[in-house]
Amino acid sequence: MSATMRKIGARVAGRYGIPFYQPWINIIKLYSLRDSITHGVMFYLGPIFRVSGGVGIFLFMPLIFASQHFSNFSFAGDLVLIMYFQFFGMLGMALGAGEGGHPHSAIGISRGLSQFTTIEVPMTLAVISIAIQYNTLSISEIVAAQQGGILHWTLFTNPFATVAAMLSLLGAFGHSPFNLVKAPNEIPIGPPTEYHSSFLGVLRTNAAILHVIEAVLFMNLFFGGAGNWFELIVKSFFIYFWSVFVGIVFPRFRIEQSVQWFLKIPLLLGVIAIIIFM
Amino acid sequence: MTNENKNHEKFLHEENKIREVKAPDGSIIKVDPLNDYFLDDRPEIKKPKTNKIVEKFLNWSRAESLWVLGFGTGCGSIEIPPLMTPRFDAFRFGVAMRPTPRQSNVFIISGYLAVKTLKRVIRSYEQMQGPKYVLALGSCTINGGMYWDSYNTINRLDHFIPVDVYVAGCMPRPEALLAGFMKLKERIKAGRGEGANEYAEKFDWYKANQKKIINDWNMPDYNW
Amino acid sequence: MEKKNKSSIVNIKSSIIDDIKSRFEITDIVHRRDNMTFVTCEKQKTIALITHMKTNLGFKHFVLLTAVDWIEDGKFQLTYILNNPKQKLDIAVRTMISREEATMETAHKLWKQIATYQRELKEMFGIDFPGSPRVDENFILEGWNDIPPYRRDFDTKVYAEETFFPRPGRKTNDPAEYMKKNLHK
């Protein structure tokens, strides 16, 4: 998916761009490097925390509505758990990168955490609004409540929450307007400055998982879920591309700009969404 | 280490000198910062995988994903940014720039190397994770080029770090650099990109050469 | 129009030079261009002359400080080039100092950036400027262990051949001879 992003970016810039399989090669190469030095226990655990956050979301996310197998481990309060897992990976990363001891990773982490905190605010407000609207914390039940035609989707029944969440999704994906934390040409690459070879491979694998799973989460919450695999792929693809297109059009925000941006319109929309369903 | 340069003592920084420090409990400890504060393991030779098919597959992935350290050493570094523009577009060959030595595999020595820069180059090279490759750009790295009789630029790069591919010219154009990348890919796929092991093997010789030139040696012997 | 401008700048310049002449001992005046002149002053009075030009004559901009090694005379020549941005006029002040005890009064209090030039001169020529900030620190050479490389008695070729592992088999041609042979047949 990130290859598609880069490819579109390249085409917009008039280039041919990378081959679509490049990210897989990169990950294979990262795992196949011979040296890997460590800076301590937390340095190992950072990527592991992060990937367990990603896999954790994956495990508890119902993929296909009303399917026995692809509901995974979803249960009554899984929405809360997923919100927690999103932040968990970031914290693990912070600890690991701190152990690396490089000043750039410390700066990157402080930027990343401050941005992610402000991203979480409108997203959490939107999720609370939905929880009040459907009177449940289970993703399966939220999906069930949206069945029966396109006008039953949260997109139409609760537009304010949807817009607030979609705007914060831009930040959660970390594409262009909000990619300052991990952009290679900012203070060198931010948190993963010291991460290399298989550590970086784990992080990159996790980034791919997270992108997919967040798109699926938003599809479940706002766009009526998916009844079959084809629907799942098409819907999550479009949600992902919302972030891609915005990223190509808009230049990068500085950290204080993005923090202020999230605390203005998305926050306001989130509050309105809650007030409506109080 | 053999062939120790006598000037190293003279140019040692104050904070790196051997000194006596008073511990919190009152006892006096002798501290040698260069040996005590840094790890002093030598680089190890890491053998390729014995299974030929696996190693071939891994070499293919290494060759198709070349991450270049963004470190321009001389005038040739101005030839690297055009590689990423629509005209040359090195991304389609799997070439990408990385900002930190930890994540990169290819080191482009772009042009002449002053002694002061050589010191930084050695530090960065040693921090890169193997297998790592060096692409030397311009005639300055081959025999000194137009700076062959200068008081401050080195003549032969291969005396200080192992070089995989030379790109001749003064300066080579981005097309030549792309051709160099293609040559490097061939070399890696043929399993000859073993610069890191070569460095570990002839470590003493490389270190002696480096120390002969760099008088102001205020770093540990092996930076990793 | 242009002619008038030209004559006016020459007039201004000559009046400035007369002013300097009346206050300091100026030995050698070379008019290089209409808006550029080199004057030579003795070592002790150079800084006073520069100060006077900056404070009273409007030479607010400092262009550069450089040195030339006159090894035959046993002297270093220092050149301070000053610019008057309002009149678009350059005046360079030269001074000769002895090669054996190469020291010069520091001028970093007039313009801060002179300290950097002085640091470079200390490293490359061995000219000392006592009191200049960070003058003893390395500028671009780290751990230099020979006579300063810009002095003319330093043989860079021999030094490079001894130090930098020259690659055997390198051919060098004298450019003039080579072009005569291959181009002007």
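Note that residues are indexed from 1 along each chain, following the sequence as it is written. Written order determines the labels here, with chains lettered from A and ligands numbered from 1. Local features in this predicted model are restricted to residues of pLDDT 70 or higher, and side-chain atom pairs are both shown and tallied only at a pLDDT of 80 or more, whereas totals for entire chains, interfaces and linings draw on every residue. For side-chain calculations, the full set of non-hydrogen atoms in the structure is used, while hydrogens and water are omitted.

**Description of unusual backbone geometry**
And then number 1: A cis amide bond links B:C170 with the next residue in sequence, B:M171, at an omega value of -15°.
And then number 2: Secondary structure elements are defined from DSSP: runs of H or I of at least 4 residues count as helices, runs of E of at least 2 residues count as strands, and each element is numbered from the N terminus. Inspection of the secondary structure assignment puts B:M171 in the loop between β7 (165–167) and α6 (174–189).
And then number 3: In the Ramachandran plot, C:R134 falls in the positive-phi region, its phi being about 55° despite a non-glycine side chain.
And then number 4: With respect to the secondary-structure elements, C:R134 resides in the loop between α3 (114–124) and α4 (156–163).
And then number 5: Working definition: with a 1.4 Å probe on protein chains only, accessible area under 20% of the residue-type maximum means buried, over 50% means exposed, and in between means partly exposed. Given a relative accessible area of 51%, C:R134 falls into the exposed group.

**Regarding the interface of chain C and chain B**
And then number 1: Any two residues whose heavy atoms approach within 4.5 Å are treated as being in contact. Counting from both sides, the interface comprises 26 residues of chain C and, opposite them, 29 residues of chain B.
And then number 2: Once two parts are put together, the accessible area they lose, assessed with a 1.4 Å probe and summed over both, is termed the buried area. At the boundary of chain C with chain B, total buried surface from both sides reaches about 2300 Å², with 54% on carbon and sulfur atoms.
And then number 3: Area buried by chain C at its contact with chain B is led by C:F164, C:F165 and C:R167, which between them contribute 33% of it.
And then number 4: Salt bridges are defined by distance alone: a side-chain nitrogen of Lys or Arg within 4 Å of a carboxyl oxygen of Asp or Glu. The tally of links from chain C across to chain B stands at three salt bridges.
And then number 5: Between B:R120 and C:E142 there is a salt bridge whose closest N-O contact spans 3.0 Å.
And then number 6: Counting residues per element, the side of chain C that touches chain B draws most heavily on α4(C), at seven residues.

**Description of the side chain of A:N26**
And then number 1: The residue A:N26 is located in helix α2 (residues 22–32) in this model.
And then number 2: Given a relative accessible area of 7%, A:N26 falls into the buried group.

**Digging into the confidence of the model for chain A**
In regions of low pLDDT, the predicted coordinates are not meant to be interpreted in detail.
And then number 1: With 85% of its residues at a pLDDT of 70 or more, chain A shows a mean pLDDT of 76.
And then number 2: In the model of chain A, helix α1 (residues 2–12) of chain A stands out as the element of lowest mean pLDDT, 59, in contrast to helix α12 (residues 265–276) of chain A, which has the highest, 83. In predicted models, pLDDT denotes the confidence assigned by the predictor to each residue on a 0 to 100 scale.

**Focus on the environment of A:L113**
All names here are of chain A.
And then number 1: The topology assignment puts L113 in helix α5 (residues 103–134).
And then number 2: Considered as a pair, L113 and L91 are 22 residues apart in the sequence and their alpha carbons are 8.0 Å apart.
And then number 3: Apart from the residues within four sequence positions on either side, L113 is in contact with F87, M90, L91 and A94.

**Comments concerning the arrangement of the chains**
And then number 1: Pairwise contact counts over the two pairs of chains in contact peak for chains A and B.
And then number 2: Nothing in chain A touches chain C; the tightest C-alpha to C-alpha distance between them is still 25 Å.

**A word on the pattern of salt bridges**
And then number 1: Applying the stated criterion across every chain, the model contains 18 salt bridges over all chains.
And then number 2: Across the pair B:K189 and B:E64 runs a salt bridge, and its minimum N-O distance is 3.0 Å. Here B:E64 lies in helix α3 (residues 52–64) and B:K189 lies in helix α6, a separation of 125 residues in the sequence.
And then number 3: Salt-bridge contacts for C:R152 lead to C:E72; the nearest nitrogen and oxygen are separated by 3.0 Å. Taken together, the residues C:R152 in the loop between α3 and α4 and C:E72 in the loop between β3 (61–70) and β4 (75–84) connect sequence positions 80 residues apart.

**So, the interface of chain B and chain A**
And then number 1: In this assembly, 31 residues from chain B lie in contact with 31 residues from chain A.
And then number 2: Taken over both partners, the interface formed by chain B and chain A buries close to 2700 Å², and the fraction arising from carbon and sulfur atoms is 57%.
And then number 3: When the buried area of chain B at its contact with chain A is split by residue, B:W67, B:R102 and B:Q129 rank highest and sum to 19% of it.
And then number 4: Counting the contacts that link chain B with chain A gives zero salt bridges.
And then number 5: Polar contact is the term for a pair of N or O atoms within 3.5 Å; when the atoms are in protein, one must be able to donate a hydrogen and the other to accept it, and sequence-neighboring residues count only if both atoms are side-chain atoms. One can count three residue pairs in polar contact (both at pLDDT 80 or more) joining chain B with chain A.
And then number 6: When residues in the side of chain B that touches chain A are grouped by element, the largest group, seven residues, is from α3(B).

**Concerning a negative patch on the surface**
And then number 1: In this analysis, a patch consists of residues with relative accessible area above 30% that form no salt bridge, clustered at 9 Å for like charges and at 5 Å for the nonpolar side chains Val, Leu, Ile, Met, Phe, Trp and Tyr. Each accessible area value is a Shrake-Rupley result obtained with a 1.4 Å probe; residue values ignore everything except the protein chains displayed when judging cover. We count Lys and Arg on the positive side and Asp and Glu on the negative side, and we leave His and both chain ends out. Charge coordinates come from a single atom per side chain, which is NZ of Lys, CZ of Arg, CG of Asp or CD of Glu. There is a patch of like negative charges on the surface, built from C:D146, C:D155, C:E161 and C:E162.
And then number 2: Counting through the fold element by element, C:D146 comes out in the loop between α3 and α4.

**Observations concerning the sheet that holds strand β5 (residues 89–98) of chain C**
Residue and element names in this part refer to chain C.
And then number 1: The strand order across the open sheet formed by five strands is β1-β2-β5-β4-β3, and the pairing between neighbours is mixed. Pairing within the sheet leaves two strands with one partner each, and these edge strands are β1 (26–33) and β3. Averaged over all pairs of adjacent strands, the angle between their axes in this sheet comes to 20°, without regard to strand direction.
And then number 2: Relative to β5, β4 is paired through 10 bridges, and the arrangement is antiparallel. DSSP bridges decide pairing: two strands pair if at least two such bridges lie between them. Each axis is a line fitted through C-alpha atoms, and for a helix only the stretch in contact is used; angles between axes span 0 to 180 degrees, taken between their N-to-C directions.

**Concerning the side chain of B:E64**
And then number 1: Relative accessible area serves as the criterion here: at 15%, B:E64 is assigned to the buried category.
And then number 2: There is a polar contact of 3.0 Å between the side chain of B:E64 and the side chain of B:K189.

**Description of the packing of aromatic side chains**
And then number 1: Here is the rule: rings of Phe, Tyr and Trp (six-membered ring for Trp) pair when centre to centre is within 6.5 Å. Planes less than 30 degrees apart are stacked, more than 60 are edge-to-face, and the remainder are tilted. Tallying each qualifying case throughout the model produces 21 aromatic pairs over all chains.
And then number 2: Aromatic pair B:Y151 and C:Y150: ring centres 5.9 Å apart, planes at 85°, arrangement edge-to-face. Here B:Y151 is found in the loop between α5 (140–143) and β7, whereas its partner C:Y150 is found in the loop between α3 and α4 on a different chain.
And then number 3: We classify C:Y150 as partly exposed; its relative accessible area is 39%.
And then number 4: Our definition puts a charge over a ring when NZ of Lys or CZ of Arg is within 6 Å of the ring centre and also within 35 degrees of the ring normal. For B:K212, the ring lying beneath its charged end belongs to C:F165, and the centroid distance is 4.7 Å.

**Quick word on the pairing of strand β2 (residues 28–31) of chain B**
Residue and element names in this part refer to chain B.
And then number 1: The pairing of strand β1 (residues 19–22) with β2 spans four bridges and is antiparallel. Residue pairing in the sheet places E20 in a bridge with K30 of β2.
And then number 2: Taking the residues between adjacent antiparallel strands as the criterion, β1 and β2 are bridged by five residues, where G26 takes a positive phi near 100°.

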